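# Fold and geometry: a report
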Amino acid sequence: MLYSQKEERGRRFSLALRAGLPVLILIFLVFYTTIYHEETVTIGIRDGVLLAAVTFIAIYFIYFLMNLSVQETLLDETTQGFNKKTFIKMLQHDHPKSLVCLNIENLSSLSENYSGDQIDNLLYTITRKLNLIFKQNGLDKVLIGRHRGSEFLIALNENHDNVQAILEKMTEENNRINDMEVDYKFAIITNPNDDFEKAIVQLRDIIASQSVGNSKQKNTHTIKDAKELSGIEKDIIHTIQQKKLRLSFRPLLNTHTDTIDTYEIAVKLRSETHQDVLPRVFLPIINRLGLGRDYDLTLIKHVIDLLPLVDDTISFTFNLSPFSLRDSSFQEKLFTYLKEKEIDPSRLTIQLYERKTHHDLSGYLNTLKNFRSHGMKICIDNFGSSNASMEYMKHFKFDMVQFDRDYVTNLEDETTYAMLHSLINMSKELQVQTVAKWVDNETQEKRLKTLGIDYIQGFGVSKAIDEEALINRYN
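Scope of this entry: the structure provided in the associated data block.

Parameters at a glance
Residues numbered from 1 in each chain as written. Predicted model: local features only at pLDDT ≥ 70, side-chain atom pairs only at ≥ 80, totals over all residues. Heavy atoms only, no water. Salt bridge = Lys/Arg side-chain N within 4 Å of Asp/Glu carboxyl O. Buried < 20%, exposed > 50% of the residue type's maximum accessible area, 1.4 Å probe, protein only. Phe/Tyr/Trp six-rings, centres within 6.5 Å; stacked < 30°, edge-to-face > 60°. Helix = DSSP H or I, 4+ residues; strand = E, 2+ residues; numbered from the N terminus. Arc of directions from axis to C-beta. Contact = heavy atoms within 4.5 Å. Polar contact = N/O pair within 3.5 Å; in protein donor to acceptor, adjacent residues only side chain to side chain. Axes fitted to C-alpha atoms, helices over the stretch in contact; angles between N-to-C directions. Parallel < 35°, antiparallel > 145°, perpendicular 65-115°, else oblique. Left-handed = near helix turned anticlockwise from the far one by under 90°. Nonpolar A, V, L, I, M, F, W, Y, C, P; charged D, E, K, R; others polar.

The next thing to look at is the pattern of salt bridges. All chains considered together, the criterion is met by 17 salt bridges. With its nearest N and O atoms 3.6 Å apart, the salt bridge here joins Glu151 to Arg148. Look at Glu151 and you get buried, because its relative accessible area is 2%. In this structure Arg148 comes out as partly exposed when scored by relative accessible area, which is 46%. For Glu181, the salt bridge goes to Arg176, with nearest N and O atoms at 3.1 Å. Connected via shared salt-bridge partners are Arg250, Glu264, Asp381 and Lys437.

Counted under the stated rule, the structure contains nine aromatic pairs. Seen in terms of ring centroids, Tyr263 and Tyr474 are 6.3 Å apart; in terms of plane orientation they differ by 85 degrees. Their pairing is edge-to-face. Residue Tyr263 is located in strand E9 (residues 259-269), and its partner Tyr474 is located in the segment after helix H18 (467-473); the two are separated by 211 residues in the primary sequence. Looking at Tyr263, the relative accessible area reads 0%, which means it is buried. Take Tyr474: its relative accessible area is 17%, and that puts it in the buried class. Centroid distance Phe383 to Phe403: 5.9 Å. Interplanar angle 50 degrees. Geometry classified as tilted.

The complete set of buried residues in helix H17 (residues 442-451) reads Gln444, Glu445, Leu448 and Leu451. Seen end-on, H17 carries its buried residues on one side only, within an arc spanning 125 degrees. Opposite the buried face of H17, at more than 90 degrees from it, the exposed residues are Glu442, Lys446 and Thr450. Where the residues of H17 are buried, they touch strand E8 (245-254), helix H15 (405-409), helix H16 (414-429), strand E14 (433-436) and strand E15 (455-456). Its side-chain oxygen placed 3.2 Å from the backbone nitrogen of Thr443, Asn441 serves as the N-cap of H17.

Note that Lys339 resides in helix H12 (residues 328-341). Separated by 35 residues in sequence, Lys339 and His374 have C-alpha atoms that sit 9.5 Å apart.

Look at H12 against helix H13 (residues 361-373): their axes get within 11 Å of each other, and the N-to-C directions meet at 10 degrees. Here H13 runs roughly parallel to H12, going by the angle between their axes. Here H12 contributes Phe330, Gln331, Leu334 and Phe335 to the contact with H13, which in turn contributes Thr367, Asn370 and Phe371.

Another point: the packing of helix H10 (residues 292-306) against H12. Two elements in contact, H10 and H12, have axes separated by 11 Å at closest approach and are oriented at 15 degrees. By the angle between their directions, the pair H10 and H12 is classed as roughly parallel. As H10 packs across H12, the resulting crossing turns out to be right-handed. Between H10, through Arg293, Asp296, Leu297, Ile300, Lys301, Ile304 and Asp305, and H12, the contact on the second element is made entirely by Phe330, Lys333, Leu334, Tyr337, Leu338 and Lys341. Looking at the contact of H10 with H12 residue by residue, the class counts come to seven nonpolar, no polar and six charged.

Rendered as structure tokens:
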């Protein structure tokens, strides 16, 4: 039996006692005053009314308490773990030293292909398996709750160095449940103090950062200290407000001219108290805080200001969030700044990447056309890694595509090579420039040139340089 179920059983027994004792006392009083002292049992009108009233009050009182019990259950109906409200209360009562978030990454996809009962059974099974594996490792009093759809929360009152190992074992051994393939991600926070709501948000940020990073390296950096995360969050907010970005520039080699005429920009946030913060860490946080548009505007203004400091043959390519691109206020500020600076906007190439096709495809394509009308170029990043990129390609003529890294790192594979060959040929016919990144050796470079790639980027070309080195190179 789950710990949460034991707690619910105990609570209902307590409610039953609370309901039963007043009834027993009332019955005793009625018996004592109306029956016990009389030689013969006679029930008058007054006694009948009293008994009826006592019966009604007792029945109503028990009904009220039982109804209250159902309404205020500790359990999540589907998983039988603690529900969201109760889990937070238990956290505040127990003050656990470790808090875990386990997310079912593909629950949405599973829900589209299996019945509701099958999904409910899956979630219930996962809860049972979590409870079992913790018990097998000597951890009995573990809070397991469901916070929202695909998200399980786990709290432990003690510090256990093997929590990550336990969860890794659980996710590896249970990647298939009831013939359904399950994709997990998890994160762990230590020392959450008393701000558990914030700790839960931080756990979501860590999981989101795993999705931003390399998908093949699951659950990297899963354990974080809550105090450290709060400090990083403050640094991020300060950096955005002070516009302190640290840019590095990755040279793209033009294979036709054998010259470098474009740089891809990578961004870190400068931190005064921590190491520079990487995008996979800061992007989920700034998006959660609603600072995504401010960050993107700061970045593109910084890039625009750089253009006059380098040769006019040099272009920059960089990522902007699709949410910023679709924001009318962001567009207005950007276009106004472009007009003020009087630079050639064709030297700016905006990279965009979405895993799923936007629901308003025609509206989004009109937005991209608007940026194109202002002279900027549009590039699909990680081309070929999702159906969305191909869908956009069918409806919009992009200026450039950057192939997903798997195409370059797996060039020796015949299937990968054939697919890349086809995509490059398709791009040529559509007059779209092609870019291959992560080119680290001469063999890769030769094979890509043979395929007709337009640009290559990676350590095989050149290491990234910082902003000062870039300016010095062209001045």
